[in-house]
Amino acid sequence: MARHMFASSITSLLMLFSSTATAQEDTVMSGTASNDPHPYVGMWVTADGNIRQELLANGRYDEARGNRQSAYKGRYEISGNHIDYWDDTGFTADGYFEDGVLYHAGMVMYRQPLQ
């Protein structure tokens, strides 16, 4: 009986930590613990339109360069106004948002309005 209560307690604790971690991950990705997308989700483009980076609501990004669609793809995390990228090919990058502009890897990107 004591063994069953101990196992049950461990299971309860694991479920608690698991649900807490999931809520924290949702907050990092979406900015809230709800299903609302993060305010930075969407398409960001350079002034000349040559580089287009879409931040997807699922924490992934897809970047096109010139005529090359999906030139870079990977995951991202946003904390405050800072963004970290982990490309599927293995490199990492970061950037930050300021006054509605994304500064990333020497580029200045602007939010593309929804059409």
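Residue positions within a chain follow its written sequence, with the count starting from 1. In view of the model being predicted, local features appear only for residues whose pLDDT reaches at least 70, and side-chain atom pairs are presented and counted only at 80 or more, with totals across whole chains, interfaces and linings using the full set of residues. Side-chain descriptors were evaluated using all non-hydrogen atoms of the structure, hydrogens and water having been removed beforehand.

**Some points on the overall build of the protein**
Thinking step 1. Secondary structure is summarised from DSSP: a helix means a run of H or I of at least four residues, a strand means a run of E of at least two, and numbering begins at the N terminus for each. Within the protein one finds 1 helix and 8 strands.
Thinking step 2. When its helices and strands are written in sequence order, the protein yields α-β-β-β-β-β-β-β-β.
Thinking step 3. Accessible area is worked out with a 1.4 Å probe on protein chains only. A residue is then buried under 20% of its type maximum, exposed over 50%, and partly exposed in between. Across the 115 residues in the protein, those meeting the buried criterion constitute 24%.
Thinking step 4. Nonlocal contacts in the protein, meaning residues at least 24 apart in sequence, comprise 29% of its contacts between residues at least 6 apart.
Thinking step 5. Using a 1.4 Å probe, the Shrake-Rupley method yields the accessible areas, and only the shown protein chains count as cover for residues. If you sum the accessible surface of the protein, you get close to 7700 Å²; carbon and sulfur atoms cover 55% of it. We call two residues in contact when some of their heavy atoms are within 4.5 Å.

**Considering the sheet that holds strand β3 (residues 60-65)**
Thinking step 1. Strand order in the closed barrel formed by 8 strands is β1-β2-β3-β4-β5-β6-β7-β8, and the pairing between neighbours is antiparallel. On average, each strand axis in the sheet is inclined to that of its neighbour by 30 degrees, with strand direction left out of account.
Thinking step 2. At least two bridges found by DSSP between two strands are what make those strands a pair. As judged from the 4 bridges shared by strand β6 (residues 92-98) and strand β7 (residues 101-104), these two strands associate in the antiparallel manner. By the bridge assignment, Glu 98 is partnered in β7 with Val 101. What counts as an axis is a line fitted to C-alpha atoms, over the stretch in contact for a helix, and the angles between N-to-C directions run from 0 to 180 degrees.

**Let's talk about unusual backbone geometry**
Thinking step 1. At Ser 70, a residue that is not glycine, the phi angle is positive and equals roughly 50 degrees.
Thinking step 2. In this model, Asp 99 sits at a positive phi of 50 degrees, which is unusual for a non-glycine residue.
Thinking step 3. Position of Asp 99 among the secondary structure elements: in the loop between β6 and β7.

**Details of the side chain of Asp 87**
Thinking step 1. Tracing the backbone shows Asp 87 in strand β5 (residues 82-87).
Thinking step 2. It is Arg 60 that comes nearest to the buried, bridge-free Asp 87 among opposite-charge side chains, at 7.8 Å.
Thinking step 3. For Asp 87, the side chain forms a polar contact with the main-chain nitrogen of Lys 73, separated by 3.3 Å.
Thinking step 4. In the analysis that follows, any N or O atom pair within 3.5 Å is treated as a polar contact, provided that within protein one partner can donate a hydrogen and the other can accept it, and provided that, for residues neighboring in sequence, both atoms belong to side chains. Engagement of the side chain of Asp 87 in a polar contact is seen with the side chain of Thr 89, the distance being 2.5 Å. The convention is simple: Lys and Arg are positive, Asp and Glu are negative, and His and the chain ends are not counted. Salt bridges, as used here, are contacts in which a Lys or Arg side-chain nitrogen is within 4 Å of a carboxyl oxygen on Asp or Glu.

**Overview of the packing of aromatic side chains**
Thinking step 1. For Phe, Tyr and Trp, rings pair up if their centres lie within 6.5 Å, where Trp contributes its six-membered ring, and each pair is then called stacked (planes under 30 degrees apart), edge-to-face (over 60) or tilted (otherwise). According to the stated counting rule, one finds 5 aromatic pairs in the structure shown.
Thinking step 2. In this structure an aromatic cluster arises from ring pairing among Tyr 40, Trp 44 and Phe 97.
Thinking step 3. One Lys or Arg, Arg 68, reaches over the ring of Tyr 72 and ends 5.9 Å from the middle of that ring.
Thinking step 4. Whether a charge lies above a ring is judged from NZ of Lys or CZ of Arg, which has to be within 6 Å of the ring centre and within 35 degrees of the ring normal. In this arrangement the basic side chain of Arg 75 is found over the ring face of Trp 86, its NZ or CZ atom lying 3.9 Å from the centre.

**A closer look at the environment of Ile 51**
Thinking step 1. Turning to its location among the elements, Ile 51 is positioned in strand β2 (residues 51-55).
Thinking step 2. Overall, Ile 51 belongs to the buried group, its relative accessible area being 10%.
Thinking step 3. Taking the C-alpha atoms as reference points, Ile 51 and Glu 63, separated by 12 residues in sequence, lie 7.1 Å from one another.
Thinking step 4. Excluding residues that lie within four positions of it along the chain, Ile 51 makes contacts with Trp 44, Val 45, Thr 46, Glu 63, Ala 64, Arg 65, Met 107 and Met 109.

**Side note on the pairing of β7**
In the case of a regular strand, side chains alternate between the two sheet surfaces.
Thinking step 1. A loop of 2 residues connects β6 with β7, the two strands running antiparallel in sequence, and Asp 99 in this loop sits at a positive phi of about 50 degrees.
Thinking step 2. Where β7 lies against strand β8 (residues 107-111), 4 bridges are found, and the strand directions are antiparallel. Residue pairing across strands places Val 101 opposite Tyr 110, the latter belonging to β8.
Thinking step 3. Connecting β7 to the antiparallel partner β8 that follows it, the hairpin turn spans 2 residues, and Ala 105 within it adopts a positive phi of roughly 50 degrees.

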